[in-house]
Amino acid sequence: MKKQSGKRLIGSLAAAAMIFSVLFAVSIPASANGTADEVCAAARAYVEINKNLVTPEGLLAAVRRAVPSATLRATTSGGTDDSAMLVTGDDFFIKHAVPGVTDDDTTSGYPLDIPGSDGAVAALFEVGGEKIGFAASFPHEKEVLHISSYAIVNPGDSRFTIDAGGYVTAFSGSADKLIFPAGEPNGTGVYGIRGGGDLENDFPNMNQIKAVIFASEGSHPGRTKPFQAQTFYGYNTTTWNKSQWTGLVALDIYRDVDYYASGIADRFSAERIVNGLPSLKYLRLPTVLGQNAVGYNSFAGNSVLENTNIPTSDGGYGNGTFWNNGVRDYFQNNIKSIWGAEPWQAVAKSGSSAFGWPSEPLVAAGGTRNSISPDTPMTLPRAAALAQAKAGELAWSDDLTALSVEAVLKSVITGSDDTTYLTEGTFWEKLTTSWNGTWNSDPDAGLLGGALTLTVGGQSVPV
């Protein structure tokens, strides 16, 4: 497989900068401008080097080498438990970069495409009683899987054995990508994989498979199949070694389906559906689930998983649904009761978190993680980091207008998964925006430049 790095971005304050930089307008007196420049330059250099591994302690240490009196109100939790690597304090936020993946298959009709997103850091330092604001973004990795062969599930293909319920029980062939076609709206031609683990004898070349796609053909849930327990289970239940699906990197499951609107029962109430996969990095799930809770440990134990989405769920998530993964940011605010106005807390019925316990590789790598629940108050650094990360991606678009740029960046704060269902609404109800932007003719220099100013409670943030 090969990897592509994201393009470098231009900034609103310094077009030649390697990453976006932002200065918060927080009544910094003229005499402090030199200090502010030193703070931002030191912070920017640290972010550019460390990217997803930025911590508030490391950021402050870098700034203090330039301005020893600087302080920052934020700390990182230690340990390896549910609260490990979480940041407390309102003056720092990092929206981590999330890698994306595609493949080079151009003939199957089912291309892999799980998008990633850029990262950004925002912080409010204090020097001599005055606030100095900083934000910078950094690009995400774009990975391309090489697909030399693929197999599309079909009862007419002798390599597949399919039971009466429509579940593939054996695959004697070999392929880099396995594709489950959408079938018909009434369920005809819709197939799944039998659960229960221990598929090694029936799928002798399973560890060659890099990507699996369950196609949805739009949002029709009738073209989907319920998943059985231990469908993609990394453990052999006899030896308890992680010897199954060891090459699986990307799993795309019914991405556009809205189960709630259809009234069709959920497909994910079984336990350990995608569990213990040592190479799984990308997991795309449906958009909206229905009233049944997602099963215990359904998507847990995938130690290098970095990219997944949290579907809107009326039934909630079982204990440990996303435990022990490598995901750095869990934005849980789109988990709600669809019937009512009250947000649904993303916790198991036992009261335990569904999103805790980072994996050992994540803890060993260092850095921080975020677990944002529906009642987590918005902060200015968090709003600025979210808008800044999106601005980095928009900089390369050639089909935007000033009005649409303003709307898109504002929606990152007011209408994204991160904020849609927050219980306190004062932050974005008071948020106003203004845009002053330009377009460049050289795509390599970045097509979009300028500044979006976010204003809340008298504090303005140019992004």
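What counts as what
- Residue positions within a chain follow its written sequence, with the count starting from 1.
- In keeping with the model being predicted, local features are shown solely for residues with a pLDDT of at least 70 and side-chain atom pairs are shown and tallied solely at 80 or more, while totals for entire chains, interfaces and linings include all residues.
- For side-chain calculations, the full set of non-hydrogen atoms in the structure is used, while hydrogens and water are omitted.
- Helical segments are the DSSP runs of H or I of at least four residues, strand segments are the runs of E of at least two, and each set is numbered from the N terminus.
- For each residue, the accessible area found with a 1.4 Å probe, counting protein chains only, is set against the maximum for its type, and the residue is called buried under 20%, exposed over 50%, and partly exposed in between.
- Here, residues are in contact when the closest pair of their heavy atoms is within 4.5 Å.
- The accessible surface values rely on the Shrake-Rupley method and a 1.4 Å probe; as for residues, cover is taken only from the protein chains in view.
- Paired strands, in this sense, are two strands between which DSSP finds at least two bridges.
- By the counting scheme adopted, Arg and Lys are positive, Glu and Asp are negative, and His together with the chain ends is not counted.
- Throughout this description, the term salt bridge denotes a Lys or Arg side-chain nitrogen within 4 Å of a carboxyl oxygen of Asp or Glu.
- Distance and chemistry together define a polar contact, namely a pair of N or O atoms within 3.5 Å, with one atom able to donate a hydrogen and the other to accept it when in protein, and with adjacent residues in sequence counting only for side-chain atoms on both sides.
- What pLDDT reports is the predictor's confidence in each residue, on a scale of 0 through 100.
- As used here, the term nonpolar core means buried Ala, Val, Leu, Ile, Met, Phe, Trp, Tyr and Cys residues forming a set that is joined through side-chain atoms within 4.5 Å.
- Geometry of aromatic contacts follows a simple scheme: Phe, Tyr and Trp rings, the Trp one being its six-membered ring, pair when their centres are within 6.5 Å, and the pair is stacked under 30 degrees between planes, edge-to-face over 60, tilted otherwise.
- Charge-over-ring contacts are defined here by two conditions on Lys NZ or Arg CZ: a distance within 6 Å of the ring centre and an angle within 35 degrees of the ring normal.

A.B. asks: Help me understand the overall build of the protein in this model?
C.D. replies: Helices and strands together make up the secondary structure of the protein, namely 7 helices and 27 strands. In the protein, which comprises 463 residues, the share counted as buried stands at 55%. Contacts in the protein between residues at least 24 apart in sequence constitute 70% of all its contacts with a sequence separation of at least 6. Only carbon and sulfur atoms are counted for the fraction: they give 51% of the accessible area of the protein, which is about 18,200 Å².

A.B. asks: Looking at this structure, how should I read the sheet that holds strand β13 (residues 160-162)?
C.D. replies: The strand order across the open sheet formed by 3 strands is β13-β14-β16, and the pairing between neighbours is mixed. Bordering the open sheet on either side are β13 and β16 (192-193), each of which pairs with just one other strand. With 3 bridges connecting them, β13 and strand β14 (residues 167-171) associate as antiparallel partners. Paired with I162 across the two strands is V168, which belongs to β14.

A.B. asks: Looking at this structure, how should I read the side chain of K225?
C.D. replies: Topologically, K225 is positioned in the loop between β17 (211-214) and β18 (232-233). Although K225 is buried, it makes no salt bridge; D163 carries the closest opposite charge, 6.9 Å away. Those residues in contact with K225 that lie beyond four places of it in its chain are G165, G166, Y167, V190, Y191, G192, Y254 and R267.

A.B. asks: I'm lost on the pattern of salt bridges in this one. Help?
C.D. replies: A pair can form between side chains of opposite charge whenever their charged atoms are brought close. Scanning the model with the defined rule gives 10 salt bridges in all. Here R73 and D91 are joined by a salt bridge, their closest N and O atoms 3.5 Å apart. Highlighted residues: R73 in the loop between β3 (71-72) and β4 (75-76) and D91 in the loop between β5 (87-88) and β6 (92-95), separated in sequence by 18 residues. According to the relative accessible area criterion, R73 is partly exposed, its value standing at 48%. D91 gets classed as buried once you look at its relative accessible area, which sits at 6%. A salt bridge links K281 to E143; the shortest N-O distance between them is 3.3 Å.

A.B. asks: Whenever I open this one, the sheet that holds strand β19 (residues 250-253) confuses me. Can you help?
C.D. replies: Strand pairs in the sheet, formed through backbone hydrogen bonds, run parallel or antiparallel to each other. Overall, parallel pairing links the 6 strands, which are arranged β12-β15-β17-β19-β21-β22 in an open sheet. Strands at the two margins of the open sheet, each flanked by one partner only, are β12 (150-152) and β22 (307-308). Across 4 bridges, the pairing between β17 and β19 is parallel. Considered in β19, the bridge of F214 is made with I253.

A.B. asks: What am I meant to see in the side chain of N307 here?
C.D. replies: Along the polypeptide, N307 turns up in strand β22. Residue classification places N307 among the buried positions, given a relative accessible area of 7%. There is a polar contact of 2.8 Å between the side chain of N307 and the backbone oxygen of P99. In this structure the side chain of N307 is engaged in a polar contact, spanning 3.0 Å, whose partner is the backbone oxygen of P115. Once you skip the residues sitting within four places of it in the chain, N307 turns out to touch V98, P99, G100, I114, P115, G116, K281, Y282 and L283.

A.B. asks: When you look at the environment of D104 in this model, what are you seeing that I'm missing?
C.D. replies: By the secondary structure assignment, D104 is in the loop between β7 (100-103) and β8 (113-114). Sequence spacing of D104 and L145 is 41 residues, and the spatial spacing of their C-alpha atoms is 6.5 Å. If we skip the residues at most four places from it in the chain, D104 touches V144, L145, H146 and I147. A distance of 2.6 Å separates polar atoms of two side chains, one belonging to D104 and the other to H146.

A.B. asks: Just checking my understanding: could you explain the confidence of the model for the protein for this structure?
C.D. replies: Interpretation of this model should avoid reading the predicted coordinates in detail wherever pLDDT is low. Per-residue pLDDT for the protein averages 78, and the proportion of residues at 70 or more is 68%. Low pLDDT (under 50) marks residues 1-31, which in the prediction has 98 contacts with non-local residues, meaning those over four places away or in another chain. Predicted confidence for residues 415-425 stays below pLDDT 50, and this span has 37 contacts to residues more than four positions away or in other chains.

A.B. asks: I tried to follow the nonpolar core on my own but got confused; where do I start?
C.D. replies: Nonpolar side chains in soluble globular proteins tend to be buried together. Within the largest apolar cluster, 45 residues are counted, with the highest numbers of intra-cluster contacts made by F232, W245, I253 and F268. Counting residues per element, the ones that place at least two in this core are β14, β15 (177-180), β17 and β19. In this structure W245 touches I193, L199, F203, M206, N207, I209, T231, F232, Y233, L277 and P278, once residues within four positions along its chain are discounted. Ranked by size, the runner-up nonpolar core spans 27 residues in total, among them V39, Y46, L59 and V67.

A.B. asks: Hey, could you run me through the packing of aromatic side chains in this one?
C.D. replies: Throughout the structure, instances matching the rule amount to 17 aromatic pairs. With centroids separated by 6.2 Å and ring planes inclined at 55°, the aromatic side chains of F268 and F299 adopt a geometry described as tilted. Of this pair, F268 sits in the loop between α3 (259-262) and β20 (274-275) while F299 sits in the loop between β21 (282-284) and β22, and the two are 31 residues apart along the sequence. As far as the burial class goes, F268 and F299 line up, both buried. With a centroid separation of 5.3 Å and an interplanar angle of 10°, the aromatic rings of F322 and F355 are classed as stacked. With F322 in the loop between β22 and β23 (329-331) and F355 in the loop between β23 and α4 (360-365), this pair connects stretches of sequence that are 33 residues apart. The ring of Y167 is capped by K225, whose NZ or CZ atom sits 5.3 Å from the centre of that ring.

A.B. asks: Honestly, the environment of V63 in this entry has me stumped. Any pointers?
C.D. replies: Here V63 lies in helix α2 (residues 56-64). Taking the relative accessible area as the measure of exposure, V63 reaches 0% and is therefore buried. Once the C-alpha coordinates of V63 and R44 are considered, the two residues, 19 residues apart in sequence, prove to be 9.3 Å apart. Once residues lying within four places of it in the same chain are set aside, the contact partners of V63 are V39, A42, A43, A70 and F125.

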